[in-house]
Amino acid sequence: MKYQESNLVPHKSALLFSPANMLNEDVCLPAAVIKKSALENNIEWMQRYADTRGVSLAPHGKTTMTPWIFQQQQRAGAWAVGVGSAWQASIAMVSGMKRVLMVNQLVGKANMQLISALKNEYQDVDYLCCVDSLANAKTLSAFFSAQNQQLDILIELGVPGGRCGCRTTAQALLLAEEISGLPGLHLRGLELYEGVLHGENPQPKVEALLRDAAALACQLERYVEGEFILTGAGSVWYDVVCNVWLDAQKPTNCRVVIRPGCYITHDAGIYQQAQDELMARDRVACELGGDLVSALELVAMVQSVPESGRAIVNFGKRDSAFDAGLPQPVAHYRQGKALPLTAKSIKTTGIMDQHAMLELAPEADVQVEDILVFSTSHPCLTFDKWKALLLVDENYNVLETLETAF
C-alpha cells in the first residue's frame, strides 16, 4: 500500500494511505469528517428554503472557513458569503466568491490596507462591511477616499447590553446623515444580528427588534441609492426574520438577506434543538420537505479500557467543540465491522486536552483499538481545530481532503 507523499503535510487529517477508508485504519485518527451526502442535503435544503421565502442567502463562512464549501454554497445559489474579519474576507475573495458581506466593523490600518488591496485585485467582487459610529466612519472615509476608492457599508443596529451596533434608531439615523456627507463611503443598507437576544423566551424580543429595524430601514431609504440591503438571521431565528421582514413595510427596492452558517453541517446538539423548534413553528419549513441533518463527525479510537465501566478515547479538547455538550458516540466498529450501539450503552462523560472519558454500561462491549464515531454540538468550534477535514461517503471512504483557512 503506497503512502501518499503529496499528503505529507504537518497537520491533522492529512496523513492517510490510498485508497483510504476510515474504518480500515487507513487514516491517522482522530479525524474530523464530513458526510458528503449530508452536506449536499443541507446546502440544497437551506437554499431551497431561502428561494421559497423569496430572500437571499449569505451563509456565514466563519463556521467552516473552508473554501471548497464556500464554492459549493455559491454554486447552489448563495447570494453572498458572510465573514467576520478582513482576513476571512480575503479568503472568501481568493476562493472565488463574488460578494463578501463582512458583518463586522472594519478597524485598524492594516485591516483597511488589506481590504484596499483586495478591492484593487478583485474589482468584480462586491465587498460590504458594517459601521456603527461616526469615529469609524470618518476614519474609513479618510482612508478609502485617499486611495480613490469607495467603500460600501451597512449601518449596524444593536441592542443594549449586546455587541456592536447603534443602540437606538435615532443614533442610526444621525449616523446615516453624517455618512451622507463623507467621501469614500457608500451606504447600502442596514444589518443586525438578532442572536444576541437571549432569555427564557427571546422570540418576542427578537420580533420587536426586527420590526424596529424594518421601520428604521424605511427612514434610511433616502440615504441609499438603488437597492436597499436589509440583513440579519443567524442559524436559530431565520424563519422569524423572514416572517417579520417579509410582512413589514420596507424600502421600495429592498433585498432581505439571511445569514445562517451552522446549517452547513448542522449538528446533533444545540442546532438540532433549534431546528426542531423552528420546524414546530414554521409551516414553510415543514412543507418544504426534508430537513437539515448532521454531517460533521469525529472518528476516533479506543486507546485504553483501564477499568470496568470506563474507556478512554484518543480525542480531546484540541479536536472537538465541548462548549455546548460533549461529543457522543453514534457508531461503533471493530476491524471494519459495525457493532450494536445504544444511547445508554456508551456515554462521553469527560474530556481533557487529548483524552475523552467514556462511561460504559454493563452490556457494552468496548475493546482497545475499536473505532467510535462521535456526533458533535456547535460545529464552529470543531472546524476551527482542524487544518483539514475529510469528505467521506456513507461507508467512510475518503473522497477528498478539505483544507480550512482559519
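Residues numbered from 1 in each chain as written. Predicted model: local features only at pLDDT ≥ 70, side-chain atom pairs only at ≥ 80, totals over all residues. Heavy atoms only, no water.

Q: Provide a residue-level description of the sheet that holds strand E6 (residues 151-157), including the pertinent values.
A: With respect to topology, eight strands assemble into an open sheet ordered E2-E9-E8-E7-E6-E5-E4-E3, the strand pairing being parallel. Only two strands of the sheet have a single neighbouring strand rather than two, namely strand E2 (56-57) and strand E3 (81-83). Pairing between E3 and strand E4 (residues 99-105): three bridges, direction parallel. Across the sheet, the residue bridging to Val-81 is Val-100, located in E4. The strands touched by helix H5 (residues 134-146) within the sheet are E4, strand E5 (126-131), E6 and strand E7 (185-192), with E5 carrying the most contacts at an inclination of about 145°. Lying over the sheet, helix H7 (residues 203-220) contacts E6, E7 and strand E8 (228-232), oriented at roughly 160° with respect to E7. (Pairing = 2+ DSSP bridges. Helix = DSSP H or I, 4+ residues; strand = E, 2+ residues; numbered from the N terminus. Contact = heavy atoms within 4.5 Å. Axes fitted to C-alpha atoms, helices over the stretch in contact; angles between N-to-C directions.)

Q: Break down the packing of aromatic side chains for me, with residues and values.
A: Taken as a whole, this structure holds five aromatic pairs when the rule is applied. With a centroid separation of 5.2 Å and an interplanar angle of 85°, the aromatic rings of Tyr-49 and Tyr-238 are classed as edge-to-face. Taken together, the positions of Tyr-49 in helix H1 (residues 36-53) and Tyr-238 in helix H8 (residues 238-247) put the pair 189 residues apart, joining distant regions of the chain. Judged by its relative accessible area of 0%, Tyr-238 falls in the buried class. Both rings, one in Tyr-333 and one in Tyr-396, keep their centres 6.1 Å apart while their planes meet at 70°; by these two values the pair is edge-to-face. Separated by 63 residues along the polypeptide, Tyr-333 in strand E12 (residues 328-334) and Tyr-396 in the loop between strand E17 (388-392) and strand E18 (398-403) bring together distant segments of the chain. By relative accessible area, which is 14% here, Tyr-333 ends up buried. Under the relative-accessibility criterion, Tyr-396 is labelled buried at 3%. (Phe/Tyr/Trp six-rings, centres within 6.5 Å; stacked < 30°, edge-to-face > 60°. Buried < 20%, exposed > 50% of the residue type's maximum accessible area, 1.4 Å probe, protein only.)

Q: Outline H7, supporting the account with residue identities and numerical values.
A: Along its 18 residues, H7 runs 25 Å from first to last C-alpha, staying within 8% of the 26 Å computed at 1.5 Å per residue. On its buried side, H7 packs onto E6, helix H6 (169-179), E7, E8 and H8. (Expected span 1.5 Å × (residues − 1).)

Q: Tell me about the pairing of strand E14 (residues 346-351), and please be specific about residues and values.
A: Two elements, E14 and strand E15 (residues 356-360), share five bridges in a ladder whose sense is antiparallel. Bridge pairing in E15 places Lys-347 opposite Glu-359. In this antiparallel pair of consecutive strands, E14 and E15, the connection spans four residues.

Q: Before we move on, can you summarise the layout of surface pockets with the specific residues and values?
A: Over the atoms a probe the size of a water molecule is rolled, and this reveals where empty space is left. By volume, the largest pocket amounts to about 790 Å³. In this structure, the largest pocket is lined by 35 residues; those nearest its centre are Tyr-193, Gly-195, Ser-235, Val-236 and Tyr-271. For the lining of the largest pocket, the secondary-structure elements that each account for two or more residues are E4 and helix H9 (270-281). Looking at the lining of the largest pocket residue by residue, the classes come out as 15 nonpolar, twelve polar and eight charged. Looking at the second largest pocket, its volume works out to about 150 Å³. Around the second largest pocket, the lining residues are Ala-176, Ile-179, Ser-180, Leu-185, His-186, Leu-187, Tyr-223, Val-224 and Glu-225. Sorting elements by how many residues they give to the lining of the second largest pocket places E7 first, with three residues. Partitioned by chemical class, the residues of the lining of the second largest pocket number six nonpolar, two polar and one charged. (1 Å grid on protein atoms, 1.4 Å probe; cavity = no way out; pocket = protein on both sides within 12 Å on 5 of 7 lines; lining within 4 Å. Points joined across faces, edges and corners; volume = space filled by probe spheres on them. Nonpolar A, V, L, I, M, F, W, Y, C, P; charged D, E, K, R; others polar.)

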